[in-house]
Amino acid sequence: MLRVAVAVPLPGLFDYLPPKNGGVPQRGQRVQVRFGHRQLVGLVMAVGHGSRFPRSKLQHVGEAIDPIEQRVGEALLALLEWCSRYYKHAIGEVVFGALPPDFRKPTSRWPDPPTELSITGEGCERLAQPPGRARAQHRLLAALEHGPMPAPELLAAAETGRPSLAALIEAGWATEQPARPRRRDPSEGPVLTAEQGQVLDAIRAAGEGFACHLIDGVTGSGKTEVYLRLVQDHLAAGQQVLVLVPEIGLTPQLLRRFETRLGVAPRVFHSGLSAGERMATWAAAARREAQLFVGTRSALFLPLTKAGLLVMDESHDPSFKQQDGFRYAARDVAVKRAHDLDIPIVLGTATPSLETLHNARAGRYHQHRLVTRATGASPPAIRVVDLRTRRTEAGLCPDALAAIGETLARGEQALVFLNRRGYAPVLLCHECGWHARCRQCDANLTWHRAGRVLVCHHCEARERAPDVCPDCRADALQGAGEGTEQLEQALGRLFSGTPVYRVDRDAVRRKGELESLVETVRSGEPCLLVGTQMLAKGHHFPKVTLVVVVNIDQALYSADFRALERMGQMLVQVAGRAGRAQAPGTVILQTHHPDHDALRTLVEEGYPAFAGNQLDERRLAGLPPFAFQAVLRADAPDREPVRAFLQAARQAWQGRGMSLHGPFPAMMEKRAGRVRWYLLAQSEERPILQRALDNWLDAVRRLPTARQVRWAIDVDPQEF
Ligand SMILES: Nc1ncnc2c1ncn2[C@@H]1O[C@H](COP(=O)(O)OP(=O)(O)OP(=O)(O)O)[C@@H](O)[C@H]1O
Ligand SMILES: [Zn+2]
């Protein structure tokens with residue numbers, strides 16, 4: 001009897017009989033199964049004897065799809081089982097959510113290991129003779145003269161096809177063998193600063209086994225330089241290393257830096273790659289063809305078979321939390337994975353999350369600080385400008401405009417940060433007060449003036465922007481508030497002659513666009529950068545000496561208890577783009593609330609003091625990380641079934657150890673045509689919450705009202 005995980009939203013495994021012919025597939029192997037009327041791919045999770053069902057009710061699986069060497073390894077399976085238990089998510093969806101998408105296709109296979117060709121002695125003799133009629137083969141031999149080459153490259157270099165190559169091998173002039181990873185000499189990095197040296201020594205001294213290290217280093221303090229040395233150690237020891245970066249951090253600059261410094265090109269893994277590419281990297285990890293992997297959160301589940309180190313850069317970044325389907329926090333799962341593999345993990349950031357800081361304070365993580373910038377640059381000075389007393393132009397106050405002018409006059413660059421795309425967040429009628437709302441969401445449509453469209457930033461709905469008010473027909477439509485598109489235009493007008501580059505998801509769409517833009521900026525001509533968080537993270541622009549933060553006020557009085565923490569992180573990260581080289585940096589922060597306590601602490605005393613205060617407040621309020629939460633979310637086209645289900649769910653819990661609050665409407669009650677509410681479950685102890693959730697969810701699943709809504713559980717939720 002086989003217990004099989006299938007990619008369906010039902011909890012538990014499904015029982016099947018072994019294949020009619022052939023051997024019994026083993027744990028971790030893929031098989032084809034009939035599921036209802038569908039043929040699906042399943043993953044064998046257990047091979048056992050009994051079943052709750054009579055034998056006659058069970059179906060046979062097909063034969064194992066892949067050879068036994070290609071099964072999913074034990075360490076990864078155990079991690080996925082843990083994820084399913086901890087996040088209370090159906091095992092089949094966890095498994096198939098973590099594996100590359102091609103695993104669901106019965107026809108997909110691991111690609112063959114890459115090979116390379118080399119010239120033989122006879123081949124060299126042949127090359128010494130004139131080509132005669134075998135021109136193409138001669139070219140192939142000439143290309144191989146300087147060393148082995150993978151077939152695709154060789155064929156391109158010799159401008160010929162497979163048949164000539166086959167003939168070459170046939171004649172004994174060349175041989176094909178598994179490719180060895182290509183290495184170049186790693187380039188020397190800078191001499192480490194004393195601080196960097198101490199951190200490196202401390203992490204090395206902690207040894208090979210599990211430990212979680214937090215490198216809490218200010219922006220530009222050279223954290224990446226420390227990771228590079230550690231990665232080098234483990235590569236030299238023949239181990240595999242996985243570096244996780246935020247969605248936006250996977251820039252060619254970072255990859256190139258890794259390649260030149262380490263002498264090997266990292267294998268990348270993220271959801272933007274084709275299914276085939278992901279399968280190839282997966283196979284490379286399992287077969288140990290590659291040692292160094294860099295990827296976004298989904299890379300966490302690569303089948304490393306000889307892991308030595310995990311690194312998570314910008315570990316505070318919200319993109320490490322998966323927000324739908326199999327919801328998981330990659331940071332926590334990464335720590336769990338390092339623990340199971342008994343290897344060190346390094347979390348790096350200038351702005352640790354409060355959870356991470358709390359773990360460091362409790363002694364679970366080793367905290368290593370870097371408090372000075374590696375290049376010797378001083379930290380940027382932040383100037384708060386009170387918007388209440390200033391007139392603004394396109395959202396920029398005279399102080400900011402003057403500072404931009406001075407920066408450009410000195411031949412330097414300025415960055416204007418506004419986390420809002422489009423021309424204006426609202427299009428309204430000055431006559432009757434009409435404004436453009438999304439039909440599907442509780443949200444205004446954003447006016448994208450250049451494209452003449454209104455776009456909902458929550459459900460992506462688009463419509464043509466009207467020329468006159470659809471209600472009163474007045475020719476009085478105008479934008480309220482600013483977005484990056486408007487800033488770009490205004491700055492272009494005010495500083496004509498200076499190039500203005502906009503960096504956001506609308507302006508930078510194609511692959512390579514951000515790359516070339518970053519190159520232009522790094523070349524150093526005076527210019528203005530306008531952008532969203534795409535600009536805020538990880539980039540190193542030596543010539544940017546001024547950062548203007550247009551507006552962060554929304555976060556100051558938000559109902560989301562994490563809004564301030566995120567605002568603080570964002571502000572420190574974007575400010576960290578200023579003055580990273582010789583010239584000192586300035587940050588101008590525009591706000592209507594210059595006296596806001598948390599904001600003042602952040603500006604005057606820095607992130608550690610700010611985060612410390614936030615932690616104190618969380619403790620007093622009994623909020624995470626001092627309590628543990630889970631959210632039961634439900635949505636449907638109408639409000640009534642959603643509330644009825646959540647009310648019933650709340651009543652279904654009589655036990656102790658966990659308190660339930662709600663039902664509450666989501667921050668945005670209606671999104672993409674669905675009404676969303678939630679129940680909040682909270683406990684002071686994680687294991688107690690875990691046990692209570694299991695019991696509660698058993699009852700919730702049986703509720704008749706559960707069938708009228710779409711519902712999901714989110715353990716350790718990050719948003720409401
Ligand atoms: N020891 C050093 N001596 C001189 N320059 C250094 C040294 N370490 C790092 N740098 C340089 O300082 C700059 C910032 O370093 P790095 O990118 O490693 O910092 P970081 O802490 O990862 O930055 P951030 O978090 O702001 O992205 C880089 O240009 C890097 O080459
Ligand atoms: Zn919408």
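If you're wondering where the values come from, they're calculated on a predicted model, not measured in any experiment.

About the criteria used
- Residues numbered from 1 in each chain as written.
- Chains lettered and ligands numbered in written order.
- Predicted model: local features only at pLDDT ≥ 70, side-chain atom pairs only at ≥ 80, totals over all residues.
- Heavy atoms only, no water.
- Helix = DSSP H or I, 4+ residues; strand = E, 2+ residues; numbered from the N terminus.
- Buried < 20%, exposed > 50% of the residue type's maximum accessible area, 1.4 Å probe, protein only.
- Contact = heavy atoms within 4.5 Å.
- Areas by Shrake-Rupley, 256 points an atom, 1.4 Å probe, with all protein chains shown as cover.
- Lys, Arg positive; Asp, Glu negative; His and termini not counted.
- Charge placed at Lys NZ, Arg CZ, Asp CG, Glu CD.
- Donors = N, O, S within 2.8 Å, 3.2 Å for Na, K, Ca; no water.
- Tetrahedral: all angles 85-135°; square planar, octahedral: opposite > 155°, others 65-115°.
- Domains from an automatic or database assignment.
- Buried area = accessible area lost by both parts, 1.4 Å probe.
- Salt bridge = Lys/Arg side-chain N within 4 Å of Asp/Glu carboxyl O.
- Polar contact = N/O pair within 3.5 Å; in protein donor to acceptor, adjacent residues only side chain to side chain.
- Near = heavy atom within 4 Å.
- Nonpolar A, V, L, I, M, F, W, Y, C, P; charged D, E, K, R; others polar.
- Pairing = 2+ DSSP bridges.
- Axes fitted to C-alpha atoms, helices over the stretch in contact; angles between N-to-C directions.
- Parallel < 35°, antiparallel > 145°, perpendicular 65-115°, else oblique.
- UniProt positions renumbered as here; feature names shortened; annotations may be inferred.
- Expected span 1.5 Å × (residues − 1).
- Left-handed = near helix turned anticlockwise from the far one by under 90°.

## Structural notes on the overall build of the protein chain
Next, step 1: Secondary structure summary: the protein chain contains 22 helices and 29 strands in total.
Next, step 2: Along the longest, intermediate and shortest principal axes, the C-alpha atoms of the protein chain span 85 × 75 × 60 Å.
Next, step 3: Here the protein chain holds 720 residues, and 53% of them are scored as buried.
Next, step 4: The long-range share in the protein chain, meaning contacts at least 24 apart out of those at least 6 apart in sequence, stands at 74%.
Next, step 5: Total accessible area computed for the protein chain in this model is approximately 32,600 Å², and 49% of it derives from carbon and sulfur atoms.
Next, step 6: Here the protein chain contributes 90 positively and 78 negatively charged side chains, and the mean placements of these two sets differ by 5 Å.

## Here we look at the environment of Gln59
Next, step 1: Note that Gln59 resides in the loop between strand E4 (38-47) and helix H1 (74-87).
Next, step 2: Residue classification places Gln59 among the partly exposed positions, given a relative accessible area of 35%.
Next, step 3: In this structure the C-alpha to C-alpha distance between Gln59 and Ala578, which are 519 residues apart in sequence, comes to 64 Å.
Next, step 4: When near neighbours in sequence (up to four residues on either side) are disregarded, Gln59 contacts Tyr16, Leu17 and Arg34.

## Topic: the coordination of the zinc ion (ligand 2)
Next, step 1: Looking at the zinc ion (ligand 2), one finds its protein donor set to be Cys438 (SG), Cys441 (SG), Cys456 (SG) and Cys459 (SG), positioned 2.2 to 2.3 Å from the metal centre.
Next, step 2: Here the zinc ion (ligand 2) is ringed by four donor atoms whose angles at the metal span 105 to 113°, and the overall shape comes out tetrahedral.
Next, step 3: Read from N- to C-terminus, the donor residues coordinating the zinc ion (ligand 2) fall into the pattern C-x2-C-x14-C-x2-C. Note that Cys438 is positioned in the loop between strand E17 (426-429) and strand E18 (446-448) and Cys456 in the loop between strand E19 (453-455) and strand E20 (462-464), a separation of 18 residues in sequence. Exposure class is identical for Cys438 and Cys456. Each is buried.

## As for the domain arrangement of the protein chain
Next, step 1: Under the domain assignment, the protein chain is made up of domain 1 (2-104), domain 2 (115-178), domain 3 (194-370), domain 4 (381-420 + 482-616) and domain 5 (628-715).
Next, step 2: Centre-to-centre separation of domain 3 and domain 4, based on C-alpha positions: 28 Å.
Next, step 3: Taken together, the contact between domain 3 and domain 4 spans 21 residues of the former and 22 residues of the latter.
Next, step 4: Between domain 3 and domain 4 the total buried area reaches about 1,900 Å² when both faces are included, carbon and sulfur atoms providing 57% of it.
Next, step 5: Where domain 3 packs against domain 4, one counts two salt bridges.
Next, step 6: The interface formed by domain 3 and domain 4 includes eight residue pairs in polar contact (both at pLDDT 80 or more).

## Side note on the site of ligand 1
Next, step 1: Among the 20 residues in the neighbourhood of ligand 1, the closest are listed as Val191, Gln196, Lys223, Thr224 and Arg580.
Next, step 2: In the model, a nitrogen atom of ligand 1 is placed 2.8 Å from a nitrogen or oxygen of the Val191 main chain.
Next, step 3: Relative to its unbound accessible surface of 630 Å², ligand 1 loses 84% to contact with the protein.
Next, step 4: The greatest single-element share of the shell around ligand 1, amounting to three residues, is contributed by helix H8 (residues 223-236).
Next, step 5: Across the shell around ligand 1, the residue classes tally to four nonpolar, 10 polar and six charged.
Next, step 6: Mapped onto the domain boundaries, the shell around ligand 1 takes at least three residues apiece from domain 3 (194-370) and domain 4 (381-420 + 482-616).

## A short note on the side chain of Gln29
Next, step 1: Topologically, Gln29 is positioned in the loop between strand E2 (14-16) and strand E3 (30-35).
Next, step 2: Its relative accessible area of 6% is what places Gln29 among the buried residues.
Next, step 3: With residues near it in sequence (within four places) discarded, Gln29 still touches Gly42, Leu43, Val44, Ala64, Asp66, Pro67, Ile68 and Arg71.

## What to know about the sheet that holds strand E9 (residues 240-244)
Next, step 1: In spatial order, the strands read E10-E11-E9-E12-E13-E8-E14; together these seven strands make up an open sheet with parallel pairing. Because the sheet does not close on itself, it has two edges, and the strands there are strand E10 (267-269) and strand E14 (366-370). Averaged over all adjacent pairs, the angle separating strand axes in this sheet is 20°, with direction ignored.
Next, step 2: The pairing of strand E8 (residues 211-217) with E14 spans five bridges and is classified as parallel. Note that in E14 the partner of Gly217 across the bridge is Leu370.
Next, step 3: Here helix H9 (residues 252-262) sits on the sheet and contacts E9, E10 and strand E11 (292-295); the angle it forms with E11, its principal contact strand, is near 165°.
Next, step 4: Along the sheet, helix H11 (residues 330-341) makes contact with E8, E9, strand E12 (307-313) and strand E13 (344-349), crossing E12 at roughly 165°.

## Points about the packing of helix H19 (residues 597-605) against helix H20 (residues 607-621)
Next, step 1: Viewed as axis vectors pointing N to C, H19 and H20 meet at an angle of 150°, and their least axial separation amounts to 7 Å. Considering their axes alone, H19 and H20 lie roughly antiparallel with respect to each other. Across the interface between the two elements, Ala598, Thr601, Leu602 and Glu605 of H19 pack against Tyr607, Ala609, Phe610, Asn613 and Gln614 of H20.
Next, step 2: Each residue belonging to the contact of H19 with H20 can be placed in one class, and the counts come to five nonpolar, three polar and one charged.

## Considerations on the UniProt feature "binding site: Zn(2+) 2" (unreviewed entry) in the protein chain
Next, step 1: Within this numbering scheme, the UniProt entry marks Cys438, Cys441, Cys456 and Cys459 as carrying the feature "binding site: Zn(2+) 2" (unreviewed entry). In terms of the greatest pairwise C-alpha distance, the residues named above, spread along 22 residues, form a tight cluster of at most 8.7 Å across.
Next, step 2: With relative accessibility at 0%, the residue Cys456 sits in the buried group.
Next, step 3: For Cys456, the contacting residues outside a window of four places in its chain are Cys438, Cys441, Leu445 and Ala461.
Next, step 4: On the secondary structure map, Cys459 appears in the loop between E19 and E20.
Next, step 5: The partly exposed category is assigned to Cys459, whose relative accessible area is 21%.
Next, step 6: The contacts of Cys459, once residues within four sequence positions are left out, are Cys438, Gln440, Cys441 and Ala672.

## Quick look at helix H22 (residues 686-701)
Next, step 1: For H22, which comprises 16 residues, the first-to-last C-alpha distance of 22 Å matches the rise-based estimate of 22 Å (1.5 Å per residue) to within 8%.
Next, step 2: Listed in full, the buried residues belonging to H22 are Leu689, Gln690, Ala692, Leu693, Trp696, Leu697, Ala699 and Val700.
Next, step 3: On its buried side, H22 packs onto H1, strand E26 (628-636), helix H21 (639-651), strand E27 (659-671), strand E28 (674-683) and strand E29 (710-715).

## Some thoughts on the packing of helix H7 (residues 194-205) against H8
Next, step 1: Packing of H7 against H8 leaves a shortest axis separation of 10 Å and a crossing angle of 35°. Relative to H8, H7 is oriented so that their crossing is right-handed. Residues Gln196, Val199, Leu200, Ile203 and Arg204 of H7 form the contact with H8, whose own contacting residues are Glu225, Val226, Arg229, Leu230 and Asp233.
Next, step 2: Residue composition of the contact of H7 with H8, grouped by class: five nonpolar, one polar and four charged.

## A few points about the sheet that holds E29
Next, step 1: Across the sheet, which stays open at both edges, the four strands sit in the order E27-E28-E26-E29 with antiparallel pairing between neighbours. Edge positions in the sheet fall to E27 and E29, since each has one partner strand and no second. Here the average twist between neighbouring strands, direction ignored, is 20°.
Next, step 2: Pairing of E26 with E29, which is carried by six bridges, proceeds in the antiparallel orientation. Looking at E29, one finds that Ala634 is bridged to Trp711.

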